[in-house]
Each structure stands twice: as C-alpha cells, then as structure tokens.
Amino acid sequence: MGFESLSNRYTFKFNDFPERWLPLISLYDPDLPLFPIYYFHVLSPTVTGRPGETDRVFGYVEKINIFADNRVDVTVVLNKNLQNNRNTEYIEIVESEIRERFGLNNPVKREDLQGVFAGKLPAQRTLTETTSANLPEDVLNYLWDVTVSNSYGGQLPFGRLWDPVFGLVRWVASWNSPSGRKSELIQTHYFLSRFGVRINTGDGYPKIDFFLLPTYEELRDSSNPLTWFPEFSKLVNVTKAIHDNYCEDIDVREMKFSKFNAPFKKASAKKGENGWTAEKLKTILMGNVIPTGDQKAAIECFNAFDKGPQRPLILLMMLGDLRNDRWNPEELDSDMCGRIYQMSKSQEITMQSPKVIALYSQQCFGNADTFPIDTWMDTLLRWPLAVWPKKGSKHQYITFFKTTRNLGKVERLLWVVCQAKKVHSSVCGDILWCIKYGSQDADQNALNGDQETEGNNTSKKKPRGANPLACKICKQDLRDICPAYNGIKDRKIGFNVPQQNGIDFVITTSEGNNSAINQKITRCIGFSVHENIVDEYSLDDNPSSFSYGYPHTGRHSGEKITVEEFINLY
C-alpha cells in the first residue's frame with residue numbers, strides 16, 4: 001500500500017509567539033531550499049499493536065504568517081486531512097509537535113537563571129577569596145538584560161526543537177563539522193535521502209525532498225523489524241554487528257553506553273581522534289562482520305557523514321544504544337552528564353561524544369539538565385562566570401555538573417550571547433572580551449598547556465581570559481559584578497619585566513622600557529585563574545578605553561601595581 005502522500009494543508013493559530021523570535025526560525029536552509037527542516041512524525045494516539053503505514057501523521061511546516069500582538073498562523077503540509085472527522089485525533093498531537101519545534105511550550109525565562117549554580121565550586125572559592133560579592137547569577141542576569149530582554153521579547157525557545165530520529169542525525173552531523181551548520185544540514189539531507197522513505201507530494205503541493213524515518217517509538221521497540229523502513233532497518237543491523245564485535249557496555253549509574261574498542265593501533269593518531277581514520281572505519285564497514293546484505297547501508301552511512309571518520313561511528317553507536325534501550329535521553333540528569341564527560345576524557349568511554357549526547361537530549365527532548373560544552377561554553381564557564389573547577393581539581397566535570405541545575409536552559413542564553421559576540425553584534429559589542437581570542441601565536445598551545453574541548457574544530461588560538469587589558473575595555477557595569485574580574489583585581493602587574501614570583505601579569509610596551517614617555521601598551525601575558533593567557537588584541541579592539549600613554553607621568557613610573565589600580569590609572 002505504501003505511505004500516504006503529502007496532500008493536505010492545515011493552519012494552526014498561536015497567540016503566544018514572540019515577534020522577536022522570527023530571526024530564530026529557519027524553515028529551510030538557502031543551500032537546501034527543497035529540504036524542510038521543521039519535520040514531524042508521530043503515531044496515532046489510538047493505535048494498538050504494531051503501527052501500520054497509515055497509523056501515523058507526518059509532514060512539515062510550510063510557512064508562517066506573523067501578525068501583531070504575538071499572533072501567528074502556522075501552515076503545515078501533511079499526509080492527513082485534519083478537517084476530516086476521522087482524523088481529529090491527530091490535531092492535538094500535531095499542534096503540540098509544532099509548538100515544540102518552535103520552543104513555545106517551555107521557553108527559557110528569567111526565573112530559569114536563578115539557583116543554577118547551587119553548590120560552591122572550588123573555582124568560586126579561589127576567585128572570591130577577597131570578596132563575598134559577585135556571583136555568576138549576577139552575570140547571567142546582566143547578559144539576559146542586554147540580549148534577551150531587548151532583542152528576543154524576554155524569553156527564548158526551548159523544548160523538543162527537533163524530531164528525535166531526524167534530530168539524532170542532525171546532531172551527530174554537528175560533531176567537528178567541517179563547515180558548520182551548512183555542512184551539518186547537507187550531511188543530514190544525504191542521510192535521509194539514503195535511509196528514509198521518499199514521500200510523494202500531491203498535485204498542487206510543493207515538490208520537495210521529504211524522506212520519512214521511523215518514529216522514536218518504533219526505533220526504541222527492538223522487536224519491531226522496521227519493515228516499512230527497509231534501508232533504515234539494514235542500518236540497524238549494522239549497529240548490531242558493530243556493537244557485538246567491537247563494543248562493550250559501560251555503566252553510567254543505571255544507564256549503559258557503548259565503548260568502542262578499536263582493533264587498530266593508536267600510534268598514528270591525530271589529536272582527538274585516537275588514531276581513528278576514514279580508511280580504518282571503511283575497512284571495518286566493508287569487513288566480514290557486516291552482513292553482506294547490509295554492507296551497502298554501512299558504506300552509505302560512512303558517505304553520509306562526509307566520510308567521518310568519527311561521525312559515522314558515533315551515529316552507529318548512539319543508534320544501537322537507543323534501539324536497545326541502554327540509555328534514555330529524557331532521563332539523563334546533570335550528574336550522569338558530568339560522568340559521561342569525565343569518562344570520555346579518561347578514555348573509559350571511547351568514540352562517544354558527550355557533547356552530541358548532551359545536544360541530543362537537550363534539543364530533541366527538552367532535557368534541561370544536560371549541557372553541551374564547546375569552546376565558547378567552556379570559555380564562558382571559566383571567564384566570566386568563573387564556575388569551572390580550578391586546574392588540578394580531580395574529576396572536574398563531575399564536580400561541576402553535580403552542583404548545577406537547569407543548565408540546558410542556561411545554555412540557550414549563553415548560545416545567544418556567544419553568537420552575538422562572534423558576529424560583533426552591538427548588544428555585546430563592548431563586553432565579554434575575555435572570551436575572544438587573544439593572539440595568533442603559533443606556540444600558544446605550549447603556553448596554555450594545550451587545553452582542548454571535545455568535538456570542536458579548534459585552532460591554536462586561545463581566549464584572552466580575565467586579564468588587565470580585556471577587563472579594562474569591558475563595560476564597567478559588567479566589570480563591577482564579574483566574578484572573574486574580582487578574582488584578578490588584586491593581582492600584581494609588572495611592566496617590561498620577565499615573569500617572576502610576585503607578579504601575576506606582565507604588560508609590555510612599545511619601547512620595552514619604563515622610561516620613554518607616551519608609549520603604547522602592546523601585550524599582556526600571565527596566569528588567569530585557569531591557565532596562562534596572552535592578550536595582544538584588546539588595545540586594537542577598543543583603543544579609546546585607554547586614556548593615557550605609558551608610563552602615566554607623575555602617577556606611575558613602572559612599579560608593580562594591582563589590576564584594579566591599572567584600570568583606574570590608564
């Protein structure tokens with residue numbers, strides 16, 4: 001019989017859609033204009049037994065019309081005629097799915113920021129040993145005011161923003177993606193075109209690339225052979241072959257995650273890949289452990305994720321774990337999230353991606369306990385929030401996560417802030433210089449202890465961190481409440497001298513001495529809470545913040561001063 005075609009339209013009316021959210025809505029991508037992104041697929045609420053081809057509703061958001069007073073009409077194209085009395089059972093569940101895709105059912109609000117950092121972390125004790133003021137929540141509320149309150153209508157989307165099966169592919173594609181979102185969606189489209197079932201469109205409806213994947217419920221039912229999804233079923237067979245031959249289950253409290261035991265030596269490893277290469281993965285996928293009838297599916301998975309090498313394996317392991325109910329993304333809490341990060345770092349779990357696991361749980365299930373950490377998030381936790389455990393602390397991830405709550409919602413605020421800073425938006429134009437890169441030095445990794453963040457296509461550049469120059473050009477109203485600044489304001493600065501005991505930061509000037517007048521400050525190096533930093537850019541980013549040349553005639557002649565004194569003097 002086959003699946004029904006996309007031959008119907010229905011318009012939902014919402015009266016609580018913030019007008020300022022419109023820039024966050026992308027129904028299509030310019031590079032994939034025929035590939036709808038707001039996809040939904042749910043089973044009939046009255047189905048009993050194994051669902052058939054017609055016991056489901058699926059489709060996509062075709063268009064939205066914005067009106068005054070937060071009213072919006074959302075038109076979907078779908079397989080069921082919802083105006084037919086026989087299909088009224090689908091109206092409520094489709095409406096709920098669309099509201100979830102837009103993040104309307106459980107948006108991030110200011111109250112979600114309260115009590116996020118419940119415990120007193122080692123880093124906080126270090127940073128606030130000279131003052132009891134300035135908490136990370138103060139910074140969160142400040143950032144909320146300058147971004148969300150003014151630009152997004154006082155709230156941010158949150159919830160099941162992606163279908164759980166479609167979203168699994170989309171977020172695996174994000175791991176170390178070669179060119180960001182564009183590449184991620186191209187990979188997702190390729191995967192769906194190979195493993196989904198192409199759905200026809202009726203006369204008078206857009207001819208689009210719509211490929212149907214199983215519902216999450218069908219995926220989780222390991223007794224369901226997925227007969228209606230033959231290519232996807234073959235991929236599930238591949239996940240079993242990979243797990244049975246190369247994986248073991250690792251306990252994370254009451255859940256289990258597959259650990260991949262590579263059959264190859266790691267001597268030729270690129271950093272972060274554990275010696276894993278596309279050639280090695282292809283050898284396995286074309287090997288004898290993969291059933292002959294499923295090898296094409298294995299290679300198409302390899303092709304879909306831009307030939308990996310790690311993304312195809314992450315997909316196969318996560319898909320297999322979900323299929324066999326080893327873990328549940330809806331029940332992943334902050335403690336387990338921390339344990340997964342820690343176990344990945346210590347190689348107790350290999351070839352999994354804690355970041356993708358967290359993204360999947362957060363974005364596809366609205367899990368507010370998970371927190372995807374990339375380079376930007378890592379930097380914000382260190383500076384300015386100053387909540388990351390200090391260097392040398394045992395089990396940093398576990399320590400951090402067990403003392404937090406609601407991080408999944410906080411991440412949405414921090415993501416907006418990072419995007420604004422990344423593109424030089426005016427809302428963050430004169431704040432948060434500590435999270436920007438500080439130097440192009442080729443030897444920066446050696447200076448900084450070669451810190452890396454999982455799953456990011458990072459270069460050798462490092463953040464500036466809280467330092468005299470970056471803090472100087474930051475707006476005073478943020479600096480006054482910033483825990484990171486409070487942690488360094490009493491530290492000592494030396495001028496044109498080698499690093500030595502009793503000096504936390506060294507500032508160099510254009511003439512390299514303390515006698516020539518009206519010099520330009522050129523560089524700052526030092527240790528800022530977590531690691532060594534270098535800042536060569538702050539002077540160029542905002543030169544007007546510096547009122548006096550060096551040295552400040554009559555007030556400073558090159559002797560050691562504190563960071564706070566420097567900011568007040570110069």
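Everything here concerns the structure above.
Residues numbered from 1 in each chain as written. Predicted model: local features only at pLDDT ≥ 70, side-chain atom pairs only at ≥ 80, totals over all residues. Heavy atoms only, no water.

A. Summary view of the pairing of strand E9 (residues 492–495). Pairing analysis gives two bridges linking E9 to strand E13 (residues 561–562), with the strands arranged antiparallel. Looking at the pairing, Lys492 lines up with Thr562 of E13. As judged from the three bridges shared by E9 and strand E10 (residues 505–509), these two strands associate in the parallel manner. Across the sheet, the residue bridging to Phe495 is Ile507, located in E10. (Pairing = 2+ DSSP bridges. Helix = DSSP H or I, 4+ residues; strand = E, 2+ residues; numbered from the N terminus.)

B. Layout of the sheet that holds strand E3 (residues 56–66). The strand order across the open sheet built from four strands is E1-E4-E3-E2, with neighbouring strands paired in antiparallel fashion. This sheet does not close on itself; its edge strands, each paired only once, are strand E1 (8–14) and strand E2 (39–43). Averaged over all neighbouring strand pairs, the angle between strand axes comes to 30°, with direction disregarded. Sheet topology places E2 next to E3; five bridges connect them, and they run antiparallel. (Axes fitted to C-alpha atoms, helices over the stretch in contact; angles between N-to-C directions.)

C. Geometry of the sheet that holds strand E11 (residues 521–528). Read across the open sheet, the five strands follow the order E12-E11-E10-E9-E13; overall the sheet is mixed. The sheet is open, and its two borders are formed by strand E12 (531–535) and E13, each paired with just one other strand.

D. Molecular detail of a negative patch on the surface. Where like charges cluster on the molecular surface, the negative patch consists of Asp490, Glu559, Glu564 and Glu565. For Glu564, the location among the structural elements is in helix H21 (residues 563–569). Exposure remark for Glu564: the relative accessible area of 32% places this residue in the partly exposed category. (Patch = residues over 30% accessible without salt bridge, like charges linked within 9 Å, V, L, I, M, F, W, Y side chains within 5 Å. Areas by Shrake-Rupley, 256 points an atom, 1.4 Å probe, with all protein chains shown as cover. Salt bridge = Lys/Arg side-chain N within 4 Å of Asp/Glu carboxyl O. Lys, Arg positive; Asp, Glu negative; His and termini not counted. Charge placed at Lys NZ, Arg CZ, Asp CG, Glu CD. Buried < 20%, exposed > 50% of the residue type's maximum accessible area, 1.4 Å probe, protein only.)

E. How the structure looks around the packing of helix H13 (residues 375–382) against helix H15 (residues 407–422). Closest axis-to-axis distance for the H13/H15 pair is 10 Å, and the angle between their directions is 105°. By the criterion of interaxial angle, the relationship of H13 to H15 is roughly perpendicular. Within the contact between the two elements, H13 uses Trp376, Met377 and Leu380 and H15 uses Glu411, Leu414, Trp415, Cys418 and Lys422. Across the contact of H13 with H15, the residue classes tally to six nonpolar, no polar and two charged. (Parallel < 35°, antiparallel > 145°, perpendicular 65-115°, else oblique. Contact = heavy atoms within 4.5 Å. Nonpolar A, V, L, I, M, F, W, Y, C, P; charged D, E, K, R; others polar.)

F. Just helix H5 (residues 180–195), in detail. In a regular helix each residue adds 1.5 Å, so 16 residues correspond to 22 Å; H5 covers 23 Å between its end C-alpha atoms and thus fits that length. Those residues of H5 hidden inside the fold are in contact with helix H4 (164–172), strand E5 (197–198), strand E6 (211–212), helix H7 (230–246), helix H9 (295–304) and helix H10 (310–323). (Expected span 1.5 Å × (residues − 1).)

G. Seen up close, the pattern of salt bridges. Counted according to the given criterion, the structure contains 29 salt bridges. The partner of Arg160 in a salt bridge is Glu97, with the nearest N and O atoms 2.9 Å apart. Taken together, the positions of Arg160 in the loop between helix H3 (136–151) and H4 and Glu97 in helix H1 (residues 89–102) put the pair 63 residues apart, joining distant regions of the chain. Judged by relative accessible area, Arg160 falls into the partly exposed class, the value being 23%. For Arg194, the salt bridge is made with Glu300, and the minimal N-O distance between the two is 3.6 Å. With a gap of 106 residues between them, Arg194 in helix H5 and Glu300 in helix H9 connect regions that are remote in the sequence. Here Arg194 falls in the partly exposed class, since its relative accessible area comes to 34%. Residue classification places Glu300 among the buried residues on the basis of a relative accessible area of 17%.

H. Local environment of the packing of helix H11 (residues 334–345) against helix H12 (residues 354–365). Axis separation between H11 and H12 bottoms out at 9 Å; the angle between their running directions is 160°. Here H11 lies roughly antiparallel to H12, going by the angle between them. For the pair H11 and H12, the crossing hand works out as right-handed. Residue-level contacts link Cys337, Ile340, Tyr341 and Ser344 of H11 to Pro354, Lys355, Ile357 and Ala358 of H12. Each residue belonging to the contact of H11 with H12 can be placed in one class, and the counts come to six nonpolar, one polar and one charged. (Left-handed = near helix turned anticlockwise from the far one by under 90°.)

I. Main features of the side chain of His189. Take His189: it is sitting in helix H5. Look at His189 and you get buried, because its relative accessible area is 18%. Polar contacts involving the side chain of His189 include one to the side chain of Asp209, which spans 3.0 Å. (Polar contact = N/O pair within 3.5 Å; in protein donor to acceptor, adjacent residues only side chain to side chain.)

J. Layout of the environment of Lys472. Looking at the secondary structure, you find Lys472 in helix H17 (residues 468–472). For Lys472, a relative accessible area of 12% corresponds to the buried category. Sequence separation between Lys472 and Phe546 is 74 residues; the distance between their C-alpha atoms is 8.0 Å. Every residue in contact with Lys472, bar those within four places of it in the chain, is listed here: Arg479, Ser545, Phe546, Ile567 and Tyr570.

K. Structural detail: the packing of aromatic side chains. By the definition in use, this model includes 30 aromatic pairs. Look at Tyr60 and Phe210: their rings are 6.1 Å apart centre to centre, the planes differ by 40°, and that puts the pair in the tilted class. Here Tyr60 is found in strand E3, whereas its partner Phe210 is found in the loop between E5 and E6, with 150 residues between them in sequence. The buried category is assigned to Tyr60, whose relative accessible area is 0%. For the ring pair Tyr360 and Phe365, a centre distance of 5.3 Å and an interplane angle of 85° mean the geometry is edge-to-face. A relative accessible area of 12% means that Phe365 is categorised as buried. Pairwise contacts between aromatic rings join Phe3, Phe35, Tyr39, Phe58, Tyr60, Trp162, Phe166, Trp171, Phe210 and Phe229 into one cluster. Above the face of the Phe14 ring, Arg99 is positioned so that its terminal group lies 5.3 Å from the ring centre. (Phe/Tyr/Trp six-rings, centres within 6.5 Å; stacked < 30°, edge-to-face > 60°. Lys NZ or Arg CZ within 6 Å of the ring centre and 35° of its normal.)

L. Focus on unusual backbone geometry. The step from Trp383 to Pro384 runs through a cis peptide bond, and the omega angle for that step is 0°. Position of Pro384 among the secondary structure elements: in the loop between H13 and helix H14 (396–401). Look at the link from Tyr550 to Pro551: it is a cis peptide, with omega at -10°. Turning to its location among the elements, Pro551 is positioned in the loop between helix H20 (538–541) and E13. Positive phi outside glycine occurs at Leu226, with the angle close to 55°. With respect to the helices and strands, the residue Leu226 is situated in the loop between helix H6 (216–220) and H7.

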